[in-house]
Amino acid sequence: MISPADEDLGPADVIIVGAGLAGLSCAFELAERGQAVLLLEAQPWVGGRTASWTESDGMRVESGLHRMLGVYRAFPDLLRRAGIDPDAAIIWEDEVEFRQPVPEPPAVFSVAPLRNPLQMLADIVGHNDYLPATAKLSMSRFVAQGLADYAADPDALDRKSVLEYAVEQNVQSAVISKLLEPLVAGIYFVPAAKLSAKVFMALIAPYLPNAAAMRVGAFAGGMTEVFAAPLAEAVRRRGGRVRTSARVEELLVEGGRAAGVRVAGRELRARHVVLASSIRATQALLAAKFGGEAWVQSLLRLPTMPAVTLQLELEGPSMNVDHTTFGVGTSLACFSEQSRTTFRGLAGRLSIIMAPADELIGLPVDRVLTIALEDADRLGLVVRDRVTRYRMVNHVDDFYSLAPGHDALRPPQITPVPGLTLAGDYTRQEFVATMEGAVVSGQLAARAVLG
Ligand SMILES: Cc1cc2nc3c(=O)[nH]c(=O)nc-3n(C[C@H](O)[C@H](O)[C@H](O)COP(=O)(O)OP(=O)(O)OC[C@H]3O[C@@H](n4cnc5c(N)ncnc54)[C@H](O)[C@@H]3O)c2cc1C
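Because the structure is predicted, anything quoted here is derived from the model rather than measured.

### Notes on the packing of aromatic side chains
Each pair of aromatic rings is reported with the distance of its centres and the angle of its planes.
Alright, step 1. Applying the stated rule across the entire model yields nine aromatic pairs.
Alright, step 2. Measuring from centroid to centroid gives 5.8 Å for Phe98 and Phe109, while their planes differ by 85°, and the two rings are edge-to-face. Taken together, the residues Phe98 in strand β7 (residues 95–99) and Phe109 in strand β8 (residues 107–110) connect sequence positions eleven residues apart.
Alright, step 3. For Phe98, a relative accessible area of 5% corresponds to the buried category.
Alright, step 4. Connected via pairs of aromatic rings, a cluster forms that spans Phe75, Phe219 and Phe227.
Alright, step 5. Sitting above the plane of the Phe399 ring, Arg49 keeps its charged end 4.7 Å from the centroid.
Alright, step 6. Directly above the aromatic system of Phe343 lies the positively charged group of Arg349, at a separation of 4.1 Å from the ring centroid.

Structure representation (structure tokens):
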């Protein structure tokens, strides 16, 4: 906690608000280049949407099920430079499952073309009981056309939803219900009708020149413990200061320039301020000082969208294998057993991303648990009567809305206010709302600070 007598809060070169991946990445880059940084985080732990923590009853909880994608470059590179071995932090799974309500057959797809090329080919050509060959062909044509349109005019794709776009491209309805909808709900918590076609293609586009990078990895422990806290430690080793439980209440502006922030009633001064705080917090801090100025209007209009996660401790594993699973046609949009990966040592541990988030977020936790257990039964998961502890972790306003028409509202990192820079996955970078995007945004912000 920040106290009025805290002497460790003298002037900094740069104050960074928010220790999610964007703030941590920005702090690391600046500290690495000799800047005296002060990183301020509202929560008692670092990591933001990638945080993990232990609840008062001892249950270990995470912000939500996360997957490292093999196509990410900036994030693993940051880990390496901070002295964190990505190979120790990540357990590559190399397959994903699409599970339908029983007795419909599931489909497990290999996603590791380099490590298992024949299996991947067999999975794509095979699984005809899940999707007929003609349906798979219509999906391939859709992706090929989508990537071409994304390269030619990405903003045109932001004017329609991925569902509208798929229908326009004659994608078969079985592909929409068994592949497109589960993927969109599992990755972005919304139905395909509410996701911009640009955002969908943005996630696939990086694989185009680099199919070998098509891999999916789980973390080998809670994310704060595996990478966020070690990143904060790397900032400290480079002379930076990191303070948790330090919620910034106000941005200080003097003579038209950002001059610092106010925390717990105390003014902290710096040459430069980077707002890497959650989108809603940043909007509020900016509205209070620049609400009437033209440059900030688009950002103030950028809406948010929710995410809902449910995490269950169980008497035994819910599935035979820990791997990423999409629950086709159910509220269990994306889930994984984690007792052999992220939460080893537990008898059973299921982490679930629930959808549609906007309908579930207002419901009491017991109601969401009931819905999840009913759908777990339909999917044949061994969960009912085995739950020992559970938590729902909601993100009401943490994501910028990925619906059509919103991409253009995302701001660049650089602002017209001297001494003020923005970071966060919602700021302009190619990797949309992902860990990679957050890291890249932090690096772009650091570059802006250094001029
Ligand atoms: C359930 C879920 C699943 C996800 N799955 C994946 C995945 O599989 N793969 C992937 O790549 N990405 C995934 N993501 C997205 C990824 O977590 C985010 O894109 C990324 O972590 C965003 O980082 P950020 O630093 O931009 O924002 P955040 O992590 O939101 O950081 C903002 C920080 O600012 C702090 N803050 C807010 N207000 C203040 C204030 N006034 N003063 C000080 N601090 C403040 C917040 O506490 C927070 O720590 C997922 C996210 C969720 C929620």
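### Here's the deal with the environment of Thr434
Alright, step 1. As for its position among the elements, Thr434 is in the loop between β19 (420–422) and α15 (435–450).
Alright, step 2. Once the C-alpha coordinates of Thr434 and Arg67 are considered, the two residues, 367 residues apart in sequence, prove to be 9.7 Å apart.
Alright, step 3. Setting aside chain neighbours within four positions, we find Thr434 in contact with Tyr72, Leu203 and Asp425.
Alright, step 4. Within polar-contact distance, the side chain of Thr434 engages the backbone nitrogen of Gly437 at 2.9 Å.

### Observations concerning the domain arrangement of the chain
Interfaces are often sized by the amount of accessible area the parts lose when they come together.
Alright, step 1. As far as domains go, the chain holds domain 1 (7–42 + 245–302 + 403–450) and domain 2 (112–210).
Alright, step 2. A straight line from the C-alpha centre of domain 1 to that of domain 2 covers 34 Å.
Alright, step 3. Domain 1 puts ten residues into the contact, and the matching count from domain 2 is 13 residues.
Alright, step 4. Summed over both partners, the interface of domain 1 with domain 2 comes to about 740 Å²; 60% of that surface belongs to carbon and sulfur atoms.
Alright, step 5. Considering only the surface of domain 1 that becomes buried against domain 2, Pro404, Asp407 and Val432 emerge as the three largest contributors, covering 57% of it.
Alright, step 6. Taken together, domain 1 and domain 2 are joined by one salt bridge.
Alright, step 7. Applying the counting criterion to the domain 1 and domain 2 interface returns four residue pairs in polar contact (both at pLDDT 80 or more).
Alright, step 8. Broken down by class, the residue content of the side of domain 1 that touches domain 2 amounts to five nonpolar, three polar and two charged.

### Points about the site of the ligand
Alright, step 1. Near the ligand you find 35 residues, and of these Glu41, His66, Arg67, Tyr72 and Asp425 are the closest.
Alright, step 2. Between the ligand and the protein, one listed contact pairs an oxygen atom with a backbone N or O atom of Arg67 at 2.7 Å.
Alright, step 3. One nitrogen or oxygen atom from the side chain of Tyr72 is found 2.6 Å from an oxygen atom belonging to the ligand.
Alright, step 4. Here the ligand loses 93% of its free accessible area of 1,000 Å² to cover by the protein chains.
Alright, step 5. At the level of secondary structure, the elements contributing two or more residues to the shell around the ligand comprise α1 (21–32), β18 (387–400) and α15.
Alright, step 6. Residue composition of the shell around the ligand, by class: 16 nonpolar, 14 polar and five charged.

About the thresholds
- Residues numbered from 1 in each chain as written.
- Predicted model: local features only at pLDDT ≥ 70, side-chain atom pairs only at ≥ 80, totals over all residues.
- Heavy atoms only, no water.
- Phe/Tyr/Trp six-rings, centres within 6.5 Å; stacked < 30°, edge-to-face > 60°.
- Helix = DSSP H or I, 4+ residues; strand = E, 2+ residues; numbered from the N terminus.
- Buried < 20%, exposed > 50% of the residue type's maximum accessible area, 1.4 Å probe, protein only.
- Lys NZ or Arg CZ within 6 Å of the ring centre and 35° of its normal.
- Contact = heavy atoms within 4.5 Å.
- Polar contact = N/O pair within 3.5 Å; in protein donor to acceptor, adjacent residues only side chain to side chain.
- Domains from an automatic or database assignment.
- Buried area = accessible area lost by both parts, 1.4 Å probe.
- Salt bridge = Lys/Arg side-chain N within 4 Å of Asp/Glu carboxyl O.
- Nonpolar A, V, L, I, M, F, W, Y, C, P; charged D, E, K, R; others polar.
- Near = heavy atom within 4 Å.
- Areas by Shrake-Rupley, 256 points an atom, 1.4 Å probe, with all protein chains shown as cover.

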